[in-house]
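Coordinate inspection notes
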Amino acid sequence: MSDGRALARQFLEQQRLLGGDPVILPEALVPRARVAVAPPTGDRPGPVAVPPPSAPPAATPATPGPGVPPPGLSYDPPTGDLFSTDPVLQAASLAAIAQLVAGCTKCRLCEGRSHTVPGEGAADARLVVVGEGPGRVEDQTGRPFVGQAGELLTKILAAIELPRERVFICNVVKCRPPENRVPQYDEIAACLPYLVRQIDLVKPAVILAMGGTAAQTLLNTKQSLGALRNQIHRFRGIPVIVTYHPAALLRNPNWKKPTWDDVRIARRLIG
Ligand code: SF4
């Protein structure tokens, strides 16, 4: 099977998995050769590859092409001054932040936790995924996005050819809110410096904000998730794509298609 057909088959399988539109192929996956039906020759009629026209290829556009969402909000939270002694600002690695989180008692969420969940993944990841907060399984294991929602996230990442190990995955708050309630404003404010420092250290090409809490925190807004989708926002200049949380997709499979649309935009921005 040709490379083009193998890629097309892989793409259609990803679309089926995520409930996406099976008709539109992203540019990167369109085979270079056009396929046309040739007149029957001998006893093996069928499609043959036709070389592309000899016209020179179009120049790569300097600006995003059609289908790329417009710019949205931009948030650049203040950093501490150069001489700050804040250990979070001084943390030189993701491991150092995880150590600080492990001993943190800055908000009431420390009281009910079994484990802190600082985040995990590649220190040089091109994509940072941010969710809301640890759930029951995350609290038990100390790992983000495990359990059913985590499995779905892993599939979504595989569908855009980003193995989970190559992504940095974390949450807005690092300790589980009781009964999985939404983290409160003061809890988010207490925990946010860890997330900001993690993003500063990783320096990703794109941030994927999954769910309303992640989106509203990273963009410092109260706008709804629905209003924030389909735009390219910025956090400290880094593009932020907003989409549904995998746990929400498990409750409402109708959101798989828009989520697939969102992650494809993120993938295009990563390059
Ligand atoms: S949620 Fe964040 S700020 Fe609150 S105790 Fe846990 S690590 Fe500290």
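In case you missed it, the structure is sitting above this.
Sequence order as written defines the numbering, with residues in each chain counted from 1. The predicted origin of the model limits local features to residues at a pLDDT of at least 70 and limits the giving and counting of side-chain atom pairs to 80 or more, whereas totals for whole chains, interfaces and linings rest on all residues. With hydrogens and water set aside, each side-chain value is computed from the structure's full complement of heavy atoms.

The next thing to look at is the site of the ligand. One heavy atom within 4 Å of a molecule or strand is enough for the residue carrying it to be called near that molecule or strand. Close contacts around the ligand come from V101, C104, K106, C107, L109, C110, R113, K174, C175, A190, C191 and Y194, and that covers them all. Lys, Arg, Asp and Glu make up the charged group, whereas Ala, Val, Leu, Ile, Met, Phe, Trp, Tyr, Cys and Pro make up the nonpolar group; the residues left over, Gly among them, are polar. Grouping the constituent residues of the shell around the ligand by class yields 9 nonpolar, no polar and 3 charged.

This brings us to the environment of Q223. Of note, Q223 is situated in the loop between α7 (212–219) and α8 (225–228). For every residue, the accessible area (1.4 Å probe, protein chains only) is compared with the maximum for its type, and the residue is labelled buried under 20%, exposed over 50%, or partly exposed between those bounds. Among the residues examined, Q223 registers a relative accessible area of 33% and is labelled partly exposed. In this structure the C-alpha to C-alpha distance between Q223 and G212, which are 11 residues apart in sequence, comes to 8.6 Å. Residue contacts for Q223: discarding those within four places in its chain leaves L73, Q216 and L228. The way it works is that DSSP assigns letters per residue, a run of H or I at least four long becomes a helix, a run of E at least two long becomes a strand, and they are numbered from the N terminus. When checking whether two residues touch, look at their non-hydrogen atoms; a contact exists if any pair is within 4.5 Å.

Let us now look at the packing of aromatic side chains. Aromatic rings from Phe, Tyr and Trp, taking only the six-membered ring of Trp, are treated as a pair when their centres fall within 6.5 Å; an angle between ring planes under 30 degrees marks them as stacked, one over 60 as edge-to-face, and anything in between as tilted. Considering all chains together, one arrives at 2 aromatic pairs under this definition. Taken together, a centroid distance of 4.5 Å and an interplanar angle of 5° make the contact between Y244 and W255 stacked. Remark: W255 occurs in the loop between α9 (246–251) and α10 (256–270) and Y244 occurs in the loop between β9 (238–243) and α9; sequence separation between them is 11 residues. Take Y244: its relative accessible area is 12%, and that puts it in the buried class.

Contact pair helix α6 (residues 185–202) / α7: the axes reach a minimum separation of 11 Å and the direction vectors enclose 75°. In terms of orientation, α6 and α7 fall into the roughly perpendicular class. Facing α6, whose interface residues are I188, L192, L195 and I199, α7 presents T213, T217 and L218. Across the contact of α6 with α7, the residue classes break down as 5 nonpolar, 2 polar and no charged. Every axis corresponds to a line fitted to the C-alpha atoms, with the helix fit spanning only the stretch in contact, and the corresponding angles, defined between N-to-C directions, vary from 0 to 180 degrees. By definition in this entry, angles of less than 35 degrees are roughly parallel, angles greater than 145 are roughly antiparallel, angles of 65 to 115 are roughly perpendicular, and the rest are oblique.

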